[in-house]
Amino acid sequence: MSLLFSPLSIRSVTFPNRLWVSPMCMYSAVDGVVQEWHHTHLTQFADGGAGLIITEATAVVAEGRISPRDAGLWNDRQRDAWAPIVRAIHERGALAGIQLAHAGRKASTWWPWADERGSVSIADGGWQTGAPSAVAFDGFEAPVALDSAGIEHVVDAFRDAARRALDAGFDVLEIHAAHGYLLHQFLSPLSNLRDDSYGGSLENRARLLLRIVDAVRGVAGDGVPVFVRISATDHAEGGFMTEEAAIVSEWAVERGADLIDVSSGGLVAHQQIDVHPGYQVPLAETVRRSGRIPVTAVGLITAAEQAEQVLADGAADAVFAGREWLRDPHFGLRAAHELGASIPWPAQYTRARWR
């Protein structure tokens, strides 16, 4: 039997397989409200055999958006726009997760295909960003350091967004603490220069993330899985490293997280990454083995046998893919065929099923 197409149970949720869709920003929302684009984009993966589809980074506050076109979940109008997308995913046999996010000092930037680059000025619809310290990401405007009230606002915003996500029907809540965004900024000594209880030691740098895990778990109750996405290394000297990531992951699980979604990088522009197929899988394996905790692997995973081998090697409990789903929205159906696994096909597509 294929490991990739075996079920996985976490709390009250059973995932039909372990080939999942990674969060990918579409930069196509209007005032944080998702559009028809998102409906078509996300539901196609359910038809294509995905076990879990996690939506793009979804801002918990307006000032937490990466760009003015990011999806949000800070008001009920945004919640109500997500609900039919979740229902459509469920109707097609997949599960739906949402990635709750705050971009911190990397907020208020232009979307990838805009003519401009860097920070969006206030005159052009941008906003003042906030971060653990007033240290800019290279090429972006400087943020202001969050004070105690600002930190409390962030915790409350994650809690409120988690509640709206459950009201919209999501099965999984993921906390985004990777890729150089706010919670990762607190974790890394390259971006966190604070001298209060949120800076200095690893315990202090992890404090905000752990408080948010507490808050989201409090909303999720006993049945809903809570994931945390981390960058297990900054790929830069003096930054957040894999050994620290493993420790923080254990703390997060102790506080109520169920799975660590292991990625890397994104904190600084001078990072040095050796990018190759499966390049982040060893990071997931290190976190999994050191803490004996469930993890997912990601990072140029593009083939069925490659994904199967990640699980066979014990490097991860499930696999996230991103770009391959964009290239082939039926990646799951193809991968199952290549591995000799039998999974449901949409009735409308069965005439094309391999024999």
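Definitions and cut-offs
Residues numbered from 1 in each chain as written. Predicted model: local features only at pLDDT ≥ 70, side-chain atom pairs only at ≥ 80, totals over all residues. Heavy atoms only, no water. Axes fitted to C-alpha atoms, helices over the stretch in contact; angles between N-to-C directions. Helix = DSSP H or I, 4+ residues; strand = E, 2+ residues; numbered from the N terminus. Parallel < 35°, antiparallel > 145°, perpendicular 65-115°, else oblique. Left-handed = near helix turned anticlockwise from the far one by under 90°. Contact = heavy atoms within 4.5 Å. Nonpolar A, V, L, I, M, F, W, Y, C, P; charged D, E, K, R; others polar. Phe/Tyr/Trp six-rings, centres within 6.5 Å; stacked < 30°, edge-to-face > 60°. Buried < 20%, exposed > 50% of the residue type's maximum accessible area, 1.4 Å probe, protein only. Lys NZ or Arg CZ within 6 Å of the ring centre and 35° of its normal. Core = buried A, V, L, I, M, F, W, Y, C linked by side-chain atoms within 4.5 Å. Salt bridge = Lys/Arg side-chain N within 4 Å of Asp/Glu carboxyl O.

*Asks:* Just to check I follow, could you spell out the packing of helix α1 (residues 36–47) against helix α2 (residues 76–91) for this structure?
*Replies:* Relative orientation and spacing of two packed helices are given, respectively, by the angle between their axes and the distance between those axes. With their axes 9 Å apart at the nearest point, α1 and α2 run at an angle of 20° to one another. Here α1 is positioned roughly parallel relative to α2, judged by the angle of their axes. For α1 against α2, the interelement crossing comes out right-handed. Taken together, the residues of α2 that come into contact with α1 (itself represented by His38, His39, Leu42, Thr43 and Ala46) are Trp82, Pro84, Ile85, Ala88 and Ile89. The residue makeup of the contact of α1 with α2, split by class, is seven nonpolar, three polar and no charged.

*Asks:* What's the story with the packing of aromatic side chains in this structure? I'm lost.
*Replies:* Geometrically, a pair of aromatic rings is defined through the distance of the ring centres and the angle of the planes. The final tally for this structure, using the stated rule, is twelve aromatic pairs. Summarising the aromatic geometry, the rings of Phe15 and Phe227 are spaced 6.4 Å apart at their centres and angled 35° between planes, so their arrangement reads as tilted. Pair noted here: Phe15 is in strand β2 (residues 13–15) and Phe227 is in strand β9 (residues 226–231), with a separation of 212 residues, a long-range link. Residue classification places Phe15 among the buried positions, given a relative accessible area of 0%. Look at Phe227 and you get buried, because its relative accessible area is 0%. Connected via pairs of aromatic rings, a cluster forms that spans Phe15, Trp20, Phe227 and Phe320. In this arrangement the basic side chain of Arg69 is found over the ring face of Trp111, its NZ or CZ atom lying 4.0 Å from the centre. Sitting over the ring of Phe137, Lys106 keeps its end group 5.0 Å from the ring centre.

*Asks:* In this structure, what is going on with the nonpolar core? I would like to understand it.
*Replies:* Side chains of nonpolar character tend, in soluble globular proteins, to be buried together. One finds Trp82 and Ile175 to be the most contacted residues of the largest nonpolar core, which totals 93 residues. When residues no more than four places from it in sequence are discounted, the contact partners of Trp82 are Val34, Leu42, Thr55, Thr58, Ala71, Gly72, Leu73, Ile98, Ala168 and Phe170. Among the nonpolar cores identified, the runner-up in size contains 14 residues, and Phe15, Leu259, Val298 and Phe320 belong to it.

*Asks:* What's the story with the environment of Ser249 in this structure? I'm lost.
*Replies:* Take Ser249: it is sitting in helix α7 (residues 242–254). With 42 residues separating them along the chain, Ser249 and Gly291 place their C-alpha atoms 7.6 Å apart. Apart from residues no more than four positions distant in its own chain, Ser249 is found in contact with Ile230, Ile260, Val287 and Ile293.

*Asks:* Help me out: how do you make sense of the pattern of salt bridges in this one?
*Replies:* Two side chains of opposite charge can pair, provided their charged atoms sit close to one another. Taken as a whole, this structure holds 19 salt bridges when the rule is applied. In this structure, the salt-bridge partner of Asp76 is Arg164, at a minimum N-O distance of 2.9 Å. On the criterion of sequence distance, the pair formed by Asp76 in helix α2 and Arg164 in helix α3 (residues 148–168) is long-range, its members being 88 residues apart. The partner of Arg163 in a salt bridge is Asp160, with the nearest N and O atoms 3.3 Å apart. Here Asp160 and Arg163 lie together in helix α3, a separation of three residues that amounts to about one turn. Take Arg163: its relative accessible area is 39%, and that puts it in the partly exposed class. Ionic contacts of the salt-bridge type, sharing partners, join the residues Glu324, Arg327, Asp328, Arg334 and Glu338 into one network.

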